[in-house]
There are 2 protein chains.
Amino acid sequence: MFGLMMDRPLLISSIARHAELQHPHREIVSVANDNPRHRYTYRDAFARARKLANALKRLGLQHGDRVGTLAWNDYRHFETYYAVSGSGYVCHTINPRLFEDQIAFIINHAEDRWLLLDPVFVPLLEKLQARLPKLEGCIVMTDEAHMPATQLPRARSYESFIADESDAFDWPEFDERTASSLCYTSGTTGEPKGVLYSHRSTLLHCYASALSDVMSLSAHEVVLPVVPMFHVNAWGLPYSCPMVGAKLVFPGSKMGDAETLQALIEEEKVTFSAGVPTVWQGLVAYLEKTGKRIDSLRRIVCGGSAVPVALMKQLAEQHDVEVVHAWGMTETSPLGTLRCQTPEADALPEQEREALRAKQGRTVFGIELRVEDDNGVEVPRDGKSFGALKVRGPWVAASYYKRSGDDVFDERGWFNTGDVATICPLGYMQITDRTKDVIKSGGEWISSIELENLAVSHPAVAQAAAIAIPHPKWQERPLLVVVLKPGATATAAELLEFMAGKVAKWWLPDDVVFVDKLPLTATGKLSKLQLRQQFADYQFPANQAG
Amino acid sequence: MFGLMMDRPLLISSIARHAELQHPHREIVSVANDNPRHRYTYRDAFARARKLANALKRLGLQHGDRVGTLAWNDYRHFETYYAVSGSGYVCHTINPRLFEDQIAFIINHAEDRWLLLDPVFVPLLEKLQARLPKLEGCIVMTDEAHMPATQLPRARSYESFIADESDAFDWPEFDERTASSLCYTSGTTGEPKGVLYSHRSTLLHCYASALSDVMSLSAHEVVLPVVPMFHVNAWGLPYSCPMVGAKLVFPGSKMGDAETLQALIEEEKVTFSAGVPTVWQGLVAYLEKTGKRIDSLRRIVCGGSAVPVALMKQLAEQHDVEVVHAWGMTETSPLGTLRCQTPEADALPEQEREALRAKQGRTVFGIELRVEDDNGVEVPRDGKSFGALKVRGPWVAASYYKRSGDDVFDERGWFNTGDVATICPLGYMQITDRTKDVIKSGGEWISSIELENLAVSHPAVAQAAAIAIPHPKWQERPLLVVVLKPGATATAAELLEFMAGKVAKWWLPDDVVFVDKLPLTATGKLSKLQLRQQFADYQFPANQAG
């Protein structure tokens, strides 16, 4: 028997309607390509979004068609989010930092009919143009005065495109499961994979992420999203901020520019921000050098990679800014876990609280985590047992766009993150390794990251990598590959002795080899894939292990 | 085109699962019938809810079957909420304060198969027993030691009912639109009407009500619901508190007992409460008399009827407690509007802020309001224009249980609240009258409540009621019915002169009549229905109005 409640769909356009009526005067401030400090209100923004919706409709776009964006965080990109998804088209945000081949691949794979792009990306798209046969036209997100000369198909400026349109537009109603936006993950191997969000998943993520113990968003916050709008919808902030009526401050292309960020924070009285750790490292260094301040800022949600404890301390002690550690993926919209302080955690001694802060956090309501061993059995939530981290929830991907057979979606309805993790009794999850890097010895798992952290704590070691080497008896055993500090010396035996007693005995590497340097990926990270290839023929000394 | 996100249903059982894993040690404290201060944790609560689910299953209940409760706010009622709805049955909370005829009507109308009831309600149900042919059995919510002797069908104590059951139970998964709970409105006229909530509506209401600018619920709050669990699910708190991990304090049958409430607040460090204005008036009087304190309490959500400004001031100034004014109905789950402070409102002078606090508040995200004139045209949001208040959203009723043809559900999908309201430019809604009490003069509406408030501000007037009298030219004109203070005297002309200039000229009553007393409803409210009947034959003096 069904309940007898209204069958109102959860639609992105309802955020627009709500913000216009409830928060008409709240501001959106942007660093735009044609204005270093553009400023208007939610009322203005959604009126322009409706003009854009009318203009897009005139192009003959149909429900479900993909419209791409190649753009930084600013007000026109914000308007595009609402005009495209609100109309029932799919807003495909493209990461301009990808390799050109990948950008061409995803525009073609998504079958984007039109693209809206910042002037700065016109040369990039012109280079790819010949390889994009299905692209019908381009809107350059600027005004006539700043419109570059270009041969892009049917190119015109955003402002001329919407200028003559009416700002009256009735947002259509449709099934809340309708696709709203598309974002490709840029994995290190293989083709980029598209995650196709729905209106429902976006709105549920929005509610959950704004909760008091999560991002605690409210009409009194001033929010600076330093995570790009092409990166998992800027963690949902362009939706959750208008939902609660928070003021939005968009840094445009100046996302990595500490000087701009500091100026925006101080001048716009930013209270809350979000971004990856490197952004904050850059900002902290800039503040140290200049003596400038960020007094209004109170909280930063930080994710994308593990946040160094030193950075958290620096921000807390020198700037009174609380870093909220979060974890998520493109496939999880992205919010999976977040620090979520609890009275139990508050009551712990400072050292233990610090250890908790370094973890990825606790599940947001709606998300379920499961840490499994090799047999699919859930491991205890004891903070020590680790296994494959799986996740499910209404804002988690069920499959990739136009792909099938990806085994990351398991047969019981869980998404396999590819991470290895522990969960402690207080519910805090910590990522300890990547599934492909963990070393499986005798049916048990050894964390490569823990071995590496231990090895680099030896005074002679500059860098270390632990990789799995096939083993006839134990399936796999760890090999430690070490780069010594310039002028330092150490033997394999010395290092193993140093490590002994600090990890379980059976975790100790079967051998240590010394190299001049470790292979890196294109983005400068250690490439364990290449390292494993390099040691493909390696064999442990006959007398080792057993 | 649909998004490719997991099709995870929003189910009440997911709150249980989340709270058990994320907030296992948070407490639920209850004033129970067999223990003045029962205390356990969410982990204990949901383990017992699963035992109860196993016991209910053994009764042969089927998906969708109704299970009634006649109970105060305590931990067993909380367990029942989850066991019943989580199993896929419908938890029908019955208001024991209704007339006996109404209680018998709704138990039969709902076709409750089993009832769970507090020992104190056993005599009541025994009286009705002969009229409840479909009731199969009763569980008395106490232990064996406190089990009363009774002839109720298959009666046994709650504790013996669940004692031998396993606490292992897999909450079933089903469509989120499945009915979860049932609550009858006790209108002043006609049969009670049942609102049938769904899992979906309950969870969306839960997310929205917990937001920072709404109830701002978090794991650090200690919540005392003084609104009964048979009254619109205690405004959703038994769901939203475990969702965020707030400690719950249930006052049992002592809901109206200021001494118990004060003791619970001080001893359990209650930070947040919710209830109707009369509860807080009683508490404030008790504190004044005894000099006792409620230092931990910071916020009260107050609704059900308009909150007197004097009460808000007293709580703020003497006890540092902020009253958050809210509005809702059984048909709206109940949350519709809530104060939701904004920076714009904060910036106003104190007098204007006070006027805003007296209003019913702003819409929670998910709820839409519409104020319509007689022709169904939306009136301006100017804080002055008023009309019929309509509401829609995913937690608003679409129809009543086993009824049809109720014209409160309009053909365009809005629920007509029966209230007359204004909405101001900042989005604050204020109820100015009931639709049936408003006076329609020459196509314009006159607020009976405003006329009454003005009349009672005259020093000689004790009570006043303004009602509509049919008028040949103007359709309706106001008649003011007045009870003078003992010993006071005033004439109609004096009163009209007093009122002149304080409302629009055409609002002034066409006549004033004096009576000894005004007719009251069973619950002590002014009965305008009876008053209109009393003055059915009244005719205005010939020389009046025009």
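Predicted model only: the values in this text are computed from it and were never measured.

What counts, and at which threshold
- Residues numbered from 1 in each chain as written.
- Chains lettered and ligands numbered in written order.
- Predicted model: local features only at pLDDT ≥ 70, side-chain atom pairs only at ≥ 80, totals over all residues.
- Heavy atoms only, no water.
- Helix = DSSP H or I, 4+ residues; strand = E, 2+ residues; numbered from the N terminus.
- Rg over C-alpha atoms; globule rule 2.2 N^0.38 Å.
- Contact = heavy atoms within 4.5 Å.
- Buried area = accessible area lost by both parts, 1.4 Å probe.
- Salt bridge = Lys/Arg side-chain N within 4 Å of Asp/Glu carboxyl O.
- Polar contact = N/O pair within 3.5 Å; in protein donor to acceptor, adjacent residues only side chain to side chain.
- Core = buried A, V, L, I, M, F, W, Y, C linked by side-chain atoms within 4.5 Å.
- Buried < 20%, exposed > 50% of the residue type's maximum accessible area, 1.4 Å probe, protein only.
- Least-squares fit on C-alpha atoms with pLDDT ≥ 70 in both.
- Pairing = 2+ DSSP bridges.
- Axes fitted to C-alpha atoms, helices over the stretch in contact; angles between N-to-C directions.
- pLDDT = per-residue confidence, 0-100.
- Parallel < 35°, antiparallel > 145°, perpendicular 65-115°, else oblique.
- Nonpolar A, V, L, I, M, F, W, Y, C, P; charged D, E, K, R; others polar.
- Right-handed = clockwise from strand over helix to strand, strands pointing away.
- Disulfide = S-S within 2.5 Å.
- Phe/Tyr/Trp six-rings, centres within 6.5 Å; stacked < 30°, edge-to-face > 60°.
- Lys NZ or Arg CZ within 6 Å of the ring centre and 35° of its normal.

**Some remarks on the overall build of chain A**
The secondary structure content of chain A amounts to 17 helices and 25 strands. Here the C-alpha radius of gyration of chain A, 25 Å, is about what a compact globule of 546 residues would show, namely 24 Å. Its C-alpha atoms put chain A at 80 × 65 × 50 Å along the principal axes. Across chain A, every contact between residues at least 6 apart in sequence was considered, and the portion connecting residues at least 24 apart equals 66%.

**Regarding the interface of chain B and chain A**
Listed by partner, the interface residues are 79 residues for chain B and 79 residues for chain A. Both faces considered, chain B and chain A share a buried interface measuring about 6400 Å² in area, 57% of it formed by carbon and sulfur atoms. Ranking the residues of chain B by area buried against chain A places Met1(B), Met6(B) and Phe365(B) at the top, with a combined share of 15%. At the boundary of chain B with chain A, the tally comes to eight salt bridges. Arg8(A) is the partner of Glu368(B) in a salt bridge, and the nearest nitrogen-oxygen pair spans 3.6 Å. Our count for the contact surface shared by chain B and chain A stands at 31 residue pairs in polar contact (both at pLDDT 80 or more). A total of seven residues in the side of chain B that touches chain A trace back to one element, the largest contributor, which is helix H7 (residues 199-210) of chain B.

**Here's the deal with the nonpolar core**
Counting 186 residues, the largest nonpolar core has Phe78(A), Tyr82(A), Leu338(A), Phe78(B), Tyr82(B) and Leu338(B) as its most contacted members. Once residues lying within four places of it in the same chain are set aside, the contact partners of Tyr82(A) are Ile12(A), Ile15(A), Ala16(A), Phe46(A), Ala49(A), Ser87(A), Trp171(A), Pro238(A), Tyr239(A) and Pro242(A).

**A look at the relation of the copies chain B and chain A**
With an axial shift of 0.0 Å and an RMSD of 0.3 Å, the rotation relating chain B to chain A amounts to 180°. The symmetry that links the two subunits is that of a two-fold axis.

**A closer look at the pairing of strand S8 (residues 179-185) of chain B**
Residues and elements named next belong to chain B. Taken across its seven residues, S8 has seven buried, putting it largely inside the fold. When S8 meets strand S9 (residues 193-198), the two strands line up antiparallel, connected through six bridges. In the strand pairing of S9, Tyr184 is matched with Gly194.

**What to know about the sheet that holds strand S8 (residues 179-185) of chain A**
Strand pairing in a sheet relies on backbone hydrogen bonds, with the paired strands running either antiparallel or parallel. All names here are of chain A. The seven strands lie next to each other as S7-S6-S5-S3-S4-S8-S9, forming an open sheet whose pairing is mixed. Taken across any chain shown, the strands that pair with only one partner, and hence form the sheet edges, are strand S7 (156-157) and strand S9 (193-198). Both strand S5 (residues 114-117) and strand S6 (residues 137-140) contribute to a ladder of four bridges, which runs parallel. Directly across from Leu116, in S6, lies its bridge partner Ile139. Across the sheet, helix H4 (residues 100-110) lies against strand S3 (66-70), strand S4 (90-93), S5 and S8, angled at about 150° from S8, the strand it touches most. The strands touched by helix H7 (residues 199-210) are S8 and S9; relative to S9, the strand with the most contacts, the crossing angle is about 75°.

**Description of the environment of Ala504(B)**
Residue and element names in this part refer to chain B. Following the sequence through the fold, Ala504 ends up in the loop between helix H16 (492-499) and strand S25 (511-514). Classification of Ala504 by relative accessible area gives partly exposed; the value is 35%. Sequence-wise, Ala504 and Ala219 are 285 residues apart; in three dimensions their C-alpha atoms are separated by 50 Å.

**Some words on the confidence of the model for chain A**
Considering every residue of chain A, the mean pLDDT works out to 94; 98% of them sit at 70 or more. Per the prediction output, this complex has pTM 0.92; the corresponding ipTM is 0.92.

**Re the sheet that holds S8(B)**
Residues and elements named next belong to chain B. Across the sheet, which stays open at both edges, the seven strands sit in the order S7-S6-S5-S3-S4-S8-S9 with mixed pairing between neighbours. The sheet is open, and its two edges are formed by strand S7 (156-157) and S9, each paired on a single side. Where H7 meets the sheet, its contacts fall on S8 and S9, and the angle it forms with S9 comes to roughly 75°.

**Details of the packing of helix H3 (residues 75-87) of chain B against helix H9 (residues 237-244) of chain B**
A pair of packed helices is captured by two measures, namely the crossing angle of their axes and the spacing between those axes. Residues and elements named next belong to chain B. For the pair H3 and H9, the least separation of the axes is 11 Å and the interaxial angle reads 85°. The orientation of H3 relative to H9 falls into the category roughly perpendicular. For the pair formed by H3 and H9, the contact residues are Phe78, Tyr81 and Tyr82 on the first element and Pro238, Tyr239 and Pro242 on the second. Looking at the contact of H3 with H9 residue by residue, the class counts come to six nonpolar, no polar and no charged.

**A closer look at the pattern of salt bridges**
Taken as a whole and assessed by the stated rule, the structure comprises 92 salt bridges over all chains. For Arg26(B), the salt bridge identified is with Glu344(A), shortest N-O distance 2.5 Å. Remark: Glu344(A) occurs in helix H13 (residues 343-346) and Arg26(B) occurs in the loop between helix H1 (12-22) and strand S1 (27-32); the pair is interchain, linking two chains. Classification of Arg26(B) as buried rests on a relative accessible area of 6%. When its relative accessible area of 22% is taken as the criterion, Glu344(A) is described as partly exposed. Residues Glu111(B) and Lys134(B) are paired through a salt bridge, measuring 3.4 Å at the closest nitrogen-oxygen approach. You can see Glu111(B) sitting in the loop between helix H4 (100-110) and strand S5 (114-117) and its partner Lys134(B) sitting in the loop between helix H5 (122-128) and strand S6 (137-140), a full 23 residues away along the chain.

**Here we look at the pairing of strand S4 (residues 90-93) of chain B**
Residue and element names in this part refer to chain B. Of the two faces of S4, the one carrying Val90 and His92 and the one carrying Cys91 and Thr93 are both buried. In this sheet, S4 lies alongside strand S3 (residues 66-70) in parallel orientation, the contact comprising four bridges. Bridging from a neighbouring strand, Val67 pairs with Cys91 of S4. This β-α-β element, S3 to H3 to S4, shows right-handed connectivity. Of the pairings in the sheet, the one linking S4 to S8 comprises three bridges and is parallel in character. If you follow Thr93 over to S8, its bridge partner there is Cys183.

**Concerning the side chain of Asp419(B)**
If you trace the backbone, Asp419(B) turns up in strand S19 (residues 415-423). Excluding residues within four positions of it along the chain, Asp419(B) makes contact with Trp327(B), Gly387(B), Ala388(B), Leu389(B), Ile431(B), Asp433(B), Arg434(B) and Thr435(B).

**Describing the state of the cysteines**
Summed over the entire model, instances satisfying the criterion amount to zero disulfides over all chains. No disulfide involves Cys206(B); its sulfur sits 8.7 Å from that of Cys241(B), the nearest cysteine.

**Structural notes on H1(B)**
Taking burial as the measure, the 11 residues of H1(B) include nine buried ones, the bulk of the element. Those residues of H1(B) that sit buried are Ile12(B), Ser13(B), Ser14(B), Ile15(B), Ala16(B), His18(B), Ala19(B), Glu20(B) and Gln22(B). Lining the buried residues of H1(B) we find strand S16 (362-363) of chain A together with helix H2 (42-58), H3, S8, H7 and H9 of chain B.

**Some remarks on the side chain of Thr260(B)**
Within the secondary structure layout, Thr260(B) lies in helix H10 (residues 258-268). Residues contacting Thr260(B), with those up to four places away along its chain left out, are Val31(B) and Lys254(B).

**Regarding the packing of aromatic side chains**
Counted under the stated rule, the structure contains 39 aromatic pairs over all chains. When the ring of Phe78(B) is compared with that of Tyr82(B), the centres are 5.1 Å apart and the planes differ by 50°; the resulting orientation is tilted. With Phe78(B) and Tyr82(B) both in helix H3, this residue pair falls four residues apart, about one helical turn. A relative accessible area of 1% places Phe78(B) in the buried class. Among the aromatic residues, those joined into a cluster by ring pairs are Tyr42(A), Phe46(A), Phe78(A), Tyr81(A), Tyr82(A), Tyr239(A) and Phe250(A). The ring of Tyr428(A) carries Arg362(A) above its face, with NZ or CZ at 5.7 Å from the centroid. Sitting above the plane of the Phe498(B) ring, Lys502(B) keeps its charged end 3.7 Å from the centroid.

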